[in-house]
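Survey of secondary and tertiary structure
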Amino acid sequence: MRDGSVDPRRRVPRTDTLLADPRLAAAVATLGRDRVKAAVVHAQERARRGEIAPDEVRDAALAGLPAPGPRTVLNATGVVLHTNLGRAPLSPTAVAAVAAATGHTDVELDLRTGRRARRGRDALDALAAAVPAAAAVHVVNNGAAALVLAATALAAGREIVVSRGELVEIGDGFRLPDLLESTGARLREVGTTNRTTLDDYAAAVGPQTGFVLKVHPSNFQITGFTSATPVRQLATLDVPVVADIGSGLLAPDPLLPDEPDAAGTLRAGAALVTASGDKLLGGPQAGLLLGDATLVERLRRHPLARALRVDKLTLAALAATLHRPDTPTRTALHADPAALRRRVELLRDRLGADGRKAEVVPAVAVVGGGGAPGVELDSWVLSLPERYAVPLRTGDQPVLGRVVRGRLLLDLRCVPVDADEAVLAAVLRVPGDD
Ligand SMILES: *Cc1c(COP(=O)(O)O)cnc(C)c1O
């Protein structure tokens, strides 16, 4: 109770009026009416007791709601790197590192000397150690930023020589050619959609060339009468080769034989490799640049580098991911199909007597998110009637599967084992009247 400052005759706002307030109405849309109404009623009670003024009720109700932010979803789509679901989930080690980095840290300070130090050196040292073939490394905001920085620093006002078969669209309408031209570099397209030879590149390379760009077709495949020129051959040209490998695989993975890795690409002669941090590396959103020391230094010293600088939380997550590469992404990728089968069979057996028309069937999962477009991962899924899809997606704990021919398929490959109970509970919350 405040000391008489609240006039009890002033009226506490009505529930309907409060729920019509734009911010509370927005909260109803994301959190549900019951949740928001409970916070409103609680705030009204405090006003009636005189603890807050009537005109403070709205803010008190808002303060009683969980902070706005993304909802945690269970990825049962069978797509390991789903861009719409935030690509790679961070490992517990990375999460702990992020939490530790939230306050004041030595991100740019050497505690022994008390002097300014290279920003994010833990992450940079870990990246350099993971890829000894790289003489130097740099980290920016994402894969696109790595390309923009390379194009700006090495080819603005000059030409980037690139195959017509590698002018790719990443997704959401973003096209690499547009991105590169926005830097002031000119694209010199060579070859054809399906075939580009070393001679095509050689004929285009000249005094105007900033670099030759090799882009990994990470989200599509061209098959049939095709021929691409490997980095090893491009490296014989008298200009730097920049290779956008996309996925961030640092070393080869036998499961993904066609996916280029940073170490192998540098050994093949690329001057610079660019990649994403939140694809197959399984880390935070980041753009990795690895390669020749002089080129990396030019990028680091370019004024644009400051605008693409990564946050201290990203650096912490990246360092931790490189330190412990057994990420959830790797676990999902290498999941044993027999173990996946046992997990979904257990769920089916626990669904009750009617079984909810659930079946356990073999299926195929994919890497997704700009990686290994042709690779099929053997999986087993819990197949439910399609009508489960919407309630599972919109429930208290959203579970996302994929709908195929009238069935909702739930693939546990990307669901942490300790979340199987949550999947089961979510399915059981859907009324089972069929
Ligand atoms: C994913 C991808 C990009 C873009 O990387 P972001 O981290 O999403 O910015 C660029 N090139 C290739 C080949 C990719 O696969």
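Above this text sits the structure in question.
Read on for a plain summary of the structure. This one's a predicted model, so the numbers in the text were calculated from it and none came from an experiment. (Residues numbered from 1 in each chain as written. Predicted model: local features only at pLDDT ≥ 70, side-chain atom pairs only at ≥ 80, totals over all residues. Heavy atoms only, no water.)

Let's talk about the overall build of the protein
Looking only at helices and strands, one finds 18 helices and 17 strands in the protein. Considered along the principal axes of its C-alpha atoms, the protein spans approximately 85 × 60 × 40 Å. Counting every position in the protein, which comprises 434 residues, the buried fraction comes to 47%. Across the protein, every contact between residues at least 6 apart in sequence was considered, and the portion connecting residues at least 24 apart equals 73%. When the accessible surface of the protein is totalled, it reaches about 21,600 Å², and 52% of it is carbon and sulfur. Computed over 53 positive and 50 negative side-chain charges, the inter-centroid distance for the protein is 4 Å. (Helix = DSSP H or I, 4+ residues; strand = E, 2+ residues; numbered from the N terminus. Buried < 20%, exposed > 50% of the residue type's maximum accessible area, 1.4 Å probe, protein only. Contact = heavy atoms within 4.5 Å. Areas by Shrake-Rupley, 256 points an atom, 1.4 Å probe, with all protein chains shown as cover. Lys, Arg positive; Asp, Glu negative; His and termini not counted. Charge placed at Lys NZ, Arg CZ, Asp CG, Glu CD.)

Quick notes on the pattern of salt bridges
Evaluation of the coordinates by the stated rule reveals 23 salt bridges. A salt bridge links Glu-108 to Arg-309, with the nearest nitrogen and oxygen atoms 3.4 Å apart. You can see Glu-108 sitting in the loop between helix 5 (92–100) and strand 2 (109–110) and its partner Arg-309 sitting in the loop between helix 13 (303–307) and helix 14 (312–323), a full 201 residues away along the chain. Across the salt bridge formed by Arg-112 and Asp-110, the nearest N and O atoms sit 3.4 Å from each other. Where salt bridges share partners, they join Glu-108, Arg-116, Arg-119 and Arg-309 into one cluster. (Salt bridge = Lys/Arg side-chain N within 4 Å of Asp/Glu carboxyl O.)

Observations concerning the side chain of Thr-329
Along the polypeptide, Thr-329 turns up in helix 15 (residues 328–333). Given the relative accessible area of 1%, Thr-329 is considered buried. Not counting residues within four places of it along the chain, the set of residues in contact with Thr-329 comprises Val-80, Leu-81, Ala-88, Pro-89, Lys-279, Leu-280 and Gly-282.

Quick word on the site of the ligand
In the neighbourhood of the ligand, the contacting residues comprise Arg-87, Asn-142, Gly-143, Ala-144, Ile-170, His-216, Ser-218, Asp-244, Gly-246, Ser-276 and Lys-279. Between Gly-143 and the ligand, the recorded distance is 2.8 Å, taken from a backbone N or O atom to an oxygen atom. Take Ala-144: an N or O atom from its main chain is 2.8 Å from an oxygen atom of the ligand. Surface burial for the ligand is 94%, taken as the share of its 380 Å² of free accessible area covered by protein chains. For the shell around the ligand, the class distribution of residues is 2 nonpolar, 6 polar and 3 charged. (Near = heavy atom within 4 Å. Polar contact = N/O pair within 3.5 Å; in protein donor to acceptor, adjacent residues only side chain to side chain. Nonpolar A, V, L, I, M, F, W, Y, C, P; charged D, E, K, R; others polar.)

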